[in-house]
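This is what each chain is made of:
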Amino acid sequence: MTSIGTGTRDNPVPATPDTLPNACYWFTDPDGALCLSPGCMARIQDPDAQCLCDTLTARLDRLTGRLRGLEERHRYANVWWQALSSVVRDHPDGRAIITETRARTGR
Ligand SMILES: [Zn+2]
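Here the structure is a predicted model, which is why all the values come from computation and not from measurement.

Parameters and conventions
- Residues numbered from 1 in each chain as written.
- Predicted model: local features only at pLDDT ≥ 70, side-chain atom pairs only at ≥ 80, totals over all residues.
- Helix = DSSP H or I, 4+ residues; strand = E, 2+ residues; numbered from the N terminus.
- Contact = placed C-beta atoms within 7 Å.
- Expected span 1.5 Å × (residues − 1).
- Buried ≥ 20, exposed ≤ 12 C-beta atoms within 10 Å, placed from the backbone.
- Pairing = 2+ DSSP bridges.
- Axes fitted to C-alpha atoms, helices over the stretch in contact; angles between N-to-C directions.
- Parallel < 35°, antiparallel > 145°, perpendicular 65-115°, else oblique.
- Nonpolar A, V, L, I, M, F, W, Y, C, P; charged D, E, K, R; others polar.

Caption draft 1: Structural detail: the overall build of the protein chain. Helix and strand counts for the protein chain come out as 3 helices and 3 strands. When the helices and strands of the protein chain are read in sequence order from the N terminus, they spell out β-β-β-α-α-α. If you take every contact in the protein chain between residues at least 6 apart in sequence, the share linking residues at least 24 apart comes to 6%.

Written as structure tokens, this is what we have:
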């Protein structure tokens, strides 16, 4: 027996005004009429177009994961930067080190 997903055109989900789909979603309204709640641009333009919600969701998950990793690295680098700056400021050659660092980075 083939399993058919709910919220597809062939297997719409009965909905109430409180139902809030987060992707393309076929449903029947209280009068039983077949309706599409589009979740991607492809289906907003054409209800019969191939749904791109899974693709977009997977992409969003991947990018969200990458962003979390970058934020974590940034936090770690910032802690390191603050500590290193403090050590250099307290060092007898601190001013010369800062000057040389500015010359090398151009800032
Ligand atoms: Zn979609």
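Continuing now.
Caption draft 2: Representation of helix α3 (residues 94–105) in the model. Under the 1.5 Å per step criterion, the end-to-end length of α3 is 16 Å for 12 residues, consistent within 8% with the ideal 16 Å. Of all the 12 residues making up α3, 0 are buried; the element is thus mostly uncovered. Once α3 finishes, glycine 106 follows within two positions and takes phi at roughly 75 degrees, a positive value.

Caption draft 3: Inspection of the pairing of strand β2 (residues 25–28) at higher detail. Here strand β1 (residues 13–14) runs beside β2; their pairing, made up of 2 bridges, is parallel. Considered in β2, the bridge of valine 13 is made with phenylalanine 27. Between β2 and strand β3 (residues 34–37), which follow one another and run antiparallel, lie 5 residues, and glycine 32 among them has a positive phi close to 90 degrees.

Caption draft 4: Expanded view of helix α2 (residues 53–90). Given a rise of 1.5 Å per residue, 38 residues ought to cover 56 Å, and the 55 Å separating the end C-alpha atoms of α2 matches this to within 8%. Burial analysis of α2 places just 0 of its 38 residues in the buried class, a small minority of the element.

Caption draft 5: The arrangement of the packing of α2 against α3 in detail. Closest axis-to-axis distance for the α2/α3 pair is 6 Å, and the angle between their directions is 125 degrees. Between α2 and α3, the angle falls in the class oblique. Taking contact as the criterion, the partners of Val88, Arg89 and Asp90 in α2 are, on α3, Gly94, Ile97 and Ile98. In terms of residue class, the contact of α2 with α3 is built from 3 nonpolar, 1 polar and 2 charged.

The quantities given are spatial measurements derived from coordinates; they are silent on function.
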